[in-house]
Amino acid sequence: QSWLVDLRTPGEMHLYCDRARLLPATDPHARQIMMSQGTFLELLDLAARQLGLRADITLFPQGAFDPGQRPDNGQTAHIRFVADATLQPDPLFGQVLLRHTNRNPYEARLPEAAALQAIAQAAAVALPTLKTGFTVEPDASMATQRAIAQEAWRIELVTPRTILESYQWLRVGPAEIAQHRDGISVNAPLPRALAAVGLFDRHSAPGPEDAATTSQLKDFATKIAATRAFFWMVTADNTRTTQVQAGRAYVRAQLAATAHGLSMHPLQQALQEYPEQAQPYADIHRLLGATQPGHTVQMW
């Protein structure tokens, strides 16, 4: 949630990255951070429409951040709000407070074709050049995708700097969750109990064979085995503007899924650009047909 806004000019907003909330270990080129900026802008646009306001958004008014570099002090976007009686509210707005990331096993039923079509159409509104696709059981590549996801998750767990980066943003128990309102909320009894007695060390990476690692791998394997369909988004380039627009497309896809009773969980580990993930990154890009220079799987 790396968002900072400047509201000092009436009727306008300046959006920046909060550089204290970047993820240099897992997101070294800030691609996912740029997508997060896009989700913010899309939800802002939907909310403005509800109020009869057109959000005129100018991306990177001071120039885009250099590809492959962390965001500097420049703006992600300048937004100007203009009253517009011709605007129609977007029905996806009704799903904003209902959407959530599913971190539990899925039900044993397949998504309907109409729902998948609605998801793809919603994403295309934000980025018409976006290529989207689905893999649904019993497609033969389901097993391959599950294996890539499992290996990418294992790599993130056993790479000390990446797991410690996640630990930095863990909020364990109601008090921490209420205090910080960001990061990864953990409210399960076991980690809460361990944290309460000082046995949950968030400053030391567990070893590959430690229970903290093996239990998470087992838990993830259960969840990924219960996944009935995969959805992906591929862009023909990977510019900063494309990354932001991909974030807008993703949140629209998630809202459309919510409207059809579906939940999503991003499998970003294999899409991350740090060296240890090079093989899963190459595997998922090849499997999803993103093999040309610049082609990027922005979400899976």
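Parameters and conventions
- Residues numbered from 1 in each chain as written.
- Predicted model: local features only at pLDDT ≥ 70, side-chain atom pairs only at ≥ 80, totals over all residues.
- Heavy atoms only, no water.
- Helix = DSSP H or I, 4+ residues; strand = E, 2+ residues; numbered from the N terminus.
- Polar contact = N/O pair within 3.5 Å; in protein donor to acceptor, adjacent residues only side chain to side chain.
- Core = buried A, V, L, I, M, F, W, Y, C linked by side-chain atoms within 4.5 Å.
- Buried < 20%, exposed > 50% of the residue type's maximum accessible area, 1.4 Å probe, protein only.
- Contact = heavy atoms within 4.5 Å.
- Expected span 1.5 Å × (residues − 1).
- Salt bridge = Lys/Arg side-chain N within 4 Å of Asp/Glu carboxyl O.

> Give me the side chain of Thr159: which residues, what numbers.
Mapped onto the elements of the fold, Thr159 is located in the loop between helix 3 (141–158) and helix 4 (160–168). Only 2.6 Å separates the side chain of Thr159 from the backbone oxygen of Ile155, close enough to count as a polar contact.

> How would you explain the nonpolar core if you had to name every residue and give the values?
Leu267, Ile284, Val297 and Trp300 are the most contacted members of the largest nonpolar core, which has 25 residues in total. Of all elements in the fold, only helix 3, helix 4, strand 6 (170–172), helix 7 (211–225) and strand 8 (229–235) reach the threshold of two or more residues within this core. For this core, the element with the highest residue contribution is helix 3, accounting for six residues. In this view, Leu267 contacts Ala149, Phe220, Ile224, Phe230 and Trp300; residues no more than four positions away in its chain are not counted.

> Give a description of helix 1 (residues 31–50) that names residues and reports values.
Compared with an ideal rise of 1.5 Å per residue, which puts 20 residues at 28 Å, helix 1 spans 29 Å between its outermost C-alpha atoms and is within 8% of the ideal. Burial of helix 1 is extensive: 16 of the 20 residues sit out of reach of the surface.

> Any chance you could break down the pattern of salt bridges for me, citing the residues and the numbers?
Summed over all chains, the structure comprises 20 salt bridges. Measuring nitrogen to oxygen at the nearest pair gives 2.7 Å for the salt bridge that ties Arg146 to Glu137. Judged by its relative accessible area of 17%, Arg146 falls in the buried class. Overall, the relative accessible area of 23% leaves Glu137 in the partly exposed class. Each of the salt bridges in this network shares a partner with another, and the network as a whole consists of Glu42, Asp45, Arg49, Asp90, Arg248 and Arg252.

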